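# Remarks on the overall topology
Chain by chain, the residues run as shown.
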Amino acid sequence: MNKNQNNNNNNNNNNNNNPKINLLIIGCGCIGLSTGIIALKSGNYKSVSIWAKDLPPNTTSNKAAALWYPFLCNPPDLVGKWSAETMQYYKDHIINDPKSGTITKKVNEIFRHPHEDPEWRPYIKSFRRARKDELPDGYVDGYAIDDGFVMDTDIYMDYLVDTFKSLGGVIDQRYVFDIREAFVHFDVVVNCTGLGSRELFNDRTIYPGRGQIVVIKNTTDRSIMDEEDQNQMAYIIPRLTNTVLGGTNQEHDYNLNPTKKDTEGILKRVAMISPRFAKNRIEIQGVKVGLRPARHEIRLENEFFEGGSKLVVHNYGHGGSGFTVSWGCAIEAVKLIDQGLPKLLHFNKLTSKL
Ligand SMILES: Cc1cc2nc3c(=O)[nH]c(=O)nc-3n(C[C@H](O)[C@H](O)[C@H](O)COP(=O)(O)OP(=O)(O)OC[C@H]3O[C@@H](n4cnc5c(N)ncnc54)[C@H](O)[C@@H]3O)c2cc1C
Ligand SMILES: N[C@H](Cc1ccccc1)C(=O)O
């Protein structure tokens, strides 16, 4: 019988011959929670636990806009694949659940200069070029996605926590100083620590992309973004209960305090794309700052420790697209566990004979 056929005398929907193990995920942002939910839904684990220093609403994920749209995230082909899988997951499992705080909204990215198609275009069937009537004055080109998704971040993050717990997941608030603390209790750990991997795994290639946003009461019929200057962007992202104006992306900037200068800059840039959102015509509800886990590319791979007796599946570095690729990456991370387990078990069998 090959590994992928259901094993009849197996009393679970285990789609491989791996024994059921206790799984640990470090991180309770959108990546850690999505990974935990996919793992629990697979039925392949005795238990799934999350350890995290910060829990919602105090994670970077909670500071996000958050809409489905690839930004500041690589490698292009895999981001295309994972964002398409994530879009399908939203359609199949999230959008019809009113508790998720997720709605569909048209998305327009607009440009002051002609642009090629984005690299992720081949993966997104609903992609089209913007029509002239969708372009504000001064803009000559654009993209459009008519079935875009946008999450009220705090509602959505609480929804992920509730879903994870309702499936039997357990969350412990604790800081992990050294991965070996986790190895005392678990053989397999999924690393979903985002920017935290800089310390926990000494990955100096991950760095903060500081993002400031202004949350307002006013709303509109579509998301519209100008990111030609990727550090000083202009975007309007209407959500279920409010609208997000953005945005900034200041690399290697750890300042978590909102600045007046950035708020003024965002409002000035946004008014250029839509005068309806001029400063004197909007009602500001709040200003937020988050540090995107920016990296040259997402790290989604297996790493063995302690001579092969411990497995870490890395799932971090999603930059400005954590919500856009979360479900595709979660599915991939759980597949990586299945692939890594036989090596781990073989090693442990060998050493248990010693
Ligand atoms: C202003 C802004 C707007 C954004 N808008 C969007 C958007 O519209 N669409 C989109 O797709 N993305 C958006 N993003 C990006 C998105 O927010 C991130 O990609 C995403 O939040 C990353 O999720 P994460 O779970 O990896 O990280 P986090 O949310 O940072 O979670 C990391 C978790 O790991 C924990 N942790 C870290 N180190 C340790 C440790 N040593 N021990 C224990 N726990 C640890 C933390 O406490 C936390 O629980 C935006 C980001 C910003 C800043
Ligand atoms: N992804 C969001 C919003 C955004 C969407 C599209 C382009 C640029 C930014 C961010 O990181 O700020």
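Computed from a predicted model, the values in this text were never measured in an experiment.

## Some thoughts on the site of ligand 2
- Surveying the vicinity of ligand 2 reveals the residues Leu 67, Tyr 69, Phe 71, Met 225, Glu 227, Met 233, Tyr 235, Arg 292 and Gly 320.
- Taking Tyr 235, its side chain carries an N or O atom lying 2.7 Å from an oxygen atom of ligand 2.
- In the model, an oxygen atom of ligand 2 is placed 2.8 Å from a nitrogen or oxygen of the Arg 292 side chain.
- Tallied by class, residues from the shell around ligand 2 come to six nonpolar, one polar and two charged.

## Description of the nonpolar core
- Counting residues in hydrophobic clusters, the biggest one holds 70 residues, and the most contacted among them are Leu 33, Tyr 90, Tyr 156, Leu 160 and Trp 327.
- In terms of residues, this core owes the most to one element, helix α7 (residues 322–352), which gives 11 residues.
- Contact partners of Tyr 90, with chain neighbours within four places excluded, come to Trp 68, Ile 95, Phe 149, Met 151, Tyr 156, Phe 323, Ser 326 and Trp 327.
- Counting residues in each nonpolar core, the second largest holds 16 residues, with Val 214, Ile 236, Leu 267 and Ile 282 among its members.

## Some details on the site of ligand 1
- Around ligand 1 there are 36 residues in total, and Asp 54, Ser 61, Leu 67, Gly 319 and Thr 324 lie nearest to it.
- Within the backbone of Asp 54, one N or O atom sits 2.7 Å away from an oxygen atom of ligand 1.
- Ser 61 places a side-chain nitrogen or oxygen 2.6 Å from an oxygen atom of ligand 1.
- Protein coverage of the free-state accessible area of ligand 1, which is 1000 Å², stands at 96%.
- Within the residue set of the shell around ligand 1, elements represented by two or more residues are α1 (30–42), β8 (207–216), β13 (284–294) and α7.
- In terms of residue class, the shell around ligand 1 is built from 15 nonpolar, 16 polar and five charged.

## A look at helix α2 (residues 76–94)
- The terminal C-alpha atoms of α2 lie 25 Å apart, and with 19 residues this matches the ideal 27 Å at 1.5 Å per residue to within 8%.
- Looking at α2, one finds that the buried residues are Val 79, Gly 80, Trp 82, Ser 83, Thr 86, Met 87, Tyr 89, Tyr 90 and Ile 94.

## Comments concerning unusual backbone geometry
- A cis amide bond links Pro 56 with the next residue in sequence, Pro 57, at an omega value of 10°.
- Tracing the chain through its elements places Pro 57 in the loop between β2 (45–52) and α2.
- The residue after Asn 74, namely Pro 75, is reached through a cis peptide bond having omega 0°.
- Mapped onto the fold, Pro 75 is located in the loop between β2 and α2.
- Even without being a glycine, Glu 306 presents a positive backbone phi close to 50°.
- Along the chain, the position of Glu 306 falls in the loop between β14 (299–305) and β15 (310–316).

## Description of the sheet that holds β15
- Taken in spatial order, the six strands line up as β6-β2-β1-β7-β15-β14 in an open sheet, and their pairing is mixed. Of all the strands in the sheet, the pair left with one neighbour each is β6 (170–173) and β14. Here the strands of the sheet are splayed against their neighbours by 20° on average, with no regard to which way each runs.
- Both strand β1 (residues 21–26) and β2 contribute to a ladder of six bridges, which runs parallel. Counted as the bridge partner of Ile 26 is Trp 51 from β2.

## A few points about the packing of α1 against helix α3 (residues 153–166)
- Close contact between α1 and α3 brings their axes to 9 Å; oriented N to C, the two are set at 30°. Considering their axes alone, α1 and α3 lie roughly parallel with respect to each other. Relative to α3, α1 is oriented so that their crossing is left-handed. Here Cys 30, Leu 33, Ser 34, Gly 36, Ile 37 and Leu 40 of α1 lie close against α3, whose contacting residues are Met 157, Leu 160, Val 161, Thr 163 and Phe 164.
- Here the residues of the contact of α1 with α3 are counted per class, giving eight nonpolar, three polar and no charged.

## Observations concerning the side chain of Glu 227
- Within the element layout of this structure, Glu 227 appears in the loop between β9 (222–226) and β10 (232–238).
- One buried charged side chain, Glu 227, makes no salt bridge at all; its nearest oppositely charged neighbour is Arg 292, positioned 9.5 Å away.
- A polar contact is formed between the side chain of Glu 227 and the side chain of Gln 230, at a distance of 2.6 Å.
- The contact partners of Glu 227, leaving out residues within four places of it in the chain, are Tyr 69, Phe 71, Glu 109 and Met 233.

## Looking at the confidence of the model for the chain
- Per-residue pLDDT for the chain has a mean of 93; in total, 94% of the residues score no lower than 70.
- Counting interchain partners and residues more than four positions distant, the pLDDT-below-50 stretch residues 1–13 has 16 contacts.
- Scoring of the predicted complex yields 0.95 for pTM and 0.99 for ipTM.

## Brief notes about the UniProt feature "domain: FAD dependent oxidoreductase" (unreviewed entry) in the chain
- Following the UniProt record, one finds the feature "domain: FAD dependent oxidoreductase" (unreviewed entry) at residues 23–334.
- Split by type, residues 23–334 is 26% helix and 32% strand. Its first and last C-alpha atoms lie 10 Å apart.

Here is what the cut-offs are and how they apply
- Residues numbered from 1 in each chain as written.
- Chains lettered and ligands numbered in written order.
- Predicted model: local features only at pLDDT ≥ 70, side-chain atom pairs only at ≥ 80, totals over all residues.
- Heavy atoms only, no water.
- Near = heavy atom within 4 Å.
- Polar contact = N/O pair within 3.5 Å; in protein donor to acceptor, adjacent residues only side chain to side chain.
- Nonpolar A, V, L, I, M, F, W, Y, C, P; charged D, E, K, R; others polar.
- Core = buried A, V, L, I, M, F, W, Y, C linked by side-chain atoms within 4.5 Å.
- Buried < 20%, exposed > 50% of the residue type's maximum accessible area, 1.4 Å probe, protein only.
- Helix = DSSP H or I, 4+ residues; strand = E, 2+ residues; numbered from the N terminus.
- Contact = heavy atoms within 4.5 Å.
- Areas by Shrake-Rupley, 256 points an atom, 1.4 Å probe, with all protein chains shown as cover.
- Expected span 1.5 Å × (residues − 1).
- Pairing = 2+ DSSP bridges.
- Axes fitted to C-alpha atoms, helices over the stretch in contact; angles between N-to-C directions.
- Parallel < 35°, antiparallel > 145°, perpendicular 65-115°, else oblique.
- Left-handed = near helix turned anticlockwise from the far one by under 90°.
- Lys, Arg positive; Asp, Glu negative; His and termini not counted.
- Salt bridge = Lys/Arg side-chain N within 4 Å of Asp/Glu carboxyl O.
- pLDDT = per-residue confidence, 0-100.
- UniProt positions renumbered as here; feature names shortened; annotations may be inferred.

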